[in-house]
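Given next are the chains, with one letter for each unit.
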Amino acid sequence: MQAEPSEDAVDLFLAAFNASSPAYVTELLARALTSDVVFWGPLGRSVGVETVENFITELRAHPEGPGTVTRTTVVDAPGEWARYSWSYHNEAGRLLLTGTDMVHLRDGRIDQMVVFAGDLAAI
């Protein structure tokens, strides 16, 4: 059974966080994202693959050291939009952050992404 394009794009994007070299990060992001990707992250809106690559570089410079991002849910994709949850652990395996992302796909690649880090507060 072949994975859905949304799952492929999401998994390529997440693999970029775990890539061993900057060149491989660039390669994975080029396969996962459109060149004009709109990225809404914790620090606001940015456009382009380079800004996403900078975000990954900054996260890897976490005070507790670089870690590993893992998808923790299925990729739920009703049409051109998809969502999934993830976790970020340091090298010792300690959970540092969790979140849920929403992505929009165009021609099998992510062209819009909204990153929600952390859990929502209960009412």
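Residues numbered from 1 in each chain as written. Predicted model: local features only at pLDDT ≥ 70, side-chain atom pairs only at ≥ 80, totals over all residues. Heavy atoms only, no water.

As recorded in an unreviewed UniProt entry, the protein goes by the name Nuclear transport factor 2 family protein, listed as coming from Streptomyces ovatisporus.

Draft legend 1. Geometry of the sheet that holds strand 5 (residues 95-106). On the basis of which strands lie adjacent, the open sheet formed by six strands has the order 2-1-6-5-4-3 and mixed pairing. Looking at the sheet topology across the chains shown, the edges are occupied by strand 2 (44-47) and strand 3 (67-71). Each strand axis lies, on average, 25° off the axis of its neighbour in the sheet, ignoring direction. Pairing of strand 1 (residues 33-41) with strand 2 involves four bridges; the strand directions are antiparallel. Counterpart to glycine 41 in the pairing with strand 2 is glycine 44. (Pairing = 2+ DSSP bridges. Helix = DSSP H or I, 4+ residues; strand = E, 2+ residues; numbered from the N terminus. Axes fitted to C-alpha atoms, helices over the stretch in contact; angles between N-to-C directions.)

Draft legend 2. Representation of the nonpolar core. By size, the foremost hydrophobic cluster in this structure holds 31 residues, and its most contacted members are Phe13, Leu29, Leu33, Tyr84 and Ile110. Sorting the residues of this core by element identifies helix 1 (5-18), helix 2 (22-32), strand 1, helix 3 (49-60), strand 4 (81-90), strand 5 and strand 6 (109-117) as the ones contributing at least two each. Top contributing element to this core by residue count: helix 1, with seven residues. With near-sequence residues (within four places) excluded, leucine 29 lies in contact with Phe13, Ala16, Val49, Val52, Glu53 and Ile56. (Core = buried A, V, L, I, M, F, W, Y, C linked by side-chain atoms within 4.5 Å. Buried < 20%, exposed > 50% of the residue type's maximum accessible area, 1.4 Å probe, protein only. Contact = heavy atoms within 4.5 Å.)

Draft legend 3. View of the packing of helix 1 against helix 2. Two elements in contact, helix 1 and helix 2, have axes separated by 8 Å at closest approach and are oriented at 160°. Considering their axes alone, helix 1 and helix 2 lie roughly antiparallel with respect to each other. The two elements helix 1 and helix 2 cross, and the hand of that crossing is left-handed. From helix 1, Ala9, Leu12, Phe13, Ala15 and Ala16 reach across to helix 2, where they touch Val25, Leu28, Leu29, Arg31 and Ala32. Across the contact of helix 1 with helix 2, the residue classes tally to nine nonpolar, no polar and one charged. (Parallel < 35°, antiparallel > 145°, perpendicular 65-115°, else oblique. Left-handed = near helix turned anticlockwise from the far one by under 90°. Nonpolar A, V, L, I, M, F, W, Y, C, P; charged D, E, K, R; others polar.)

Draft legend 4. The arrangement of the pattern of salt bridges in detail. Summed over all chains, the structure comprises six salt bridges. Linking arginine 106 and aspartate 36 is a salt bridge whose minimum nitrogen-to-oxygen distance equals 2.9 Å. With arginine 106 in strand 5 and aspartate 36 in strand 1, this pair connects stretches of sequence that are 70 residues apart. Overlapping salt bridges, with partners in common, bring together Glu7, Asp11 and Arg71 in one network. (Salt bridge = Lys/Arg side-chain N within 4 Å of Asp/Glu carboxyl O.)

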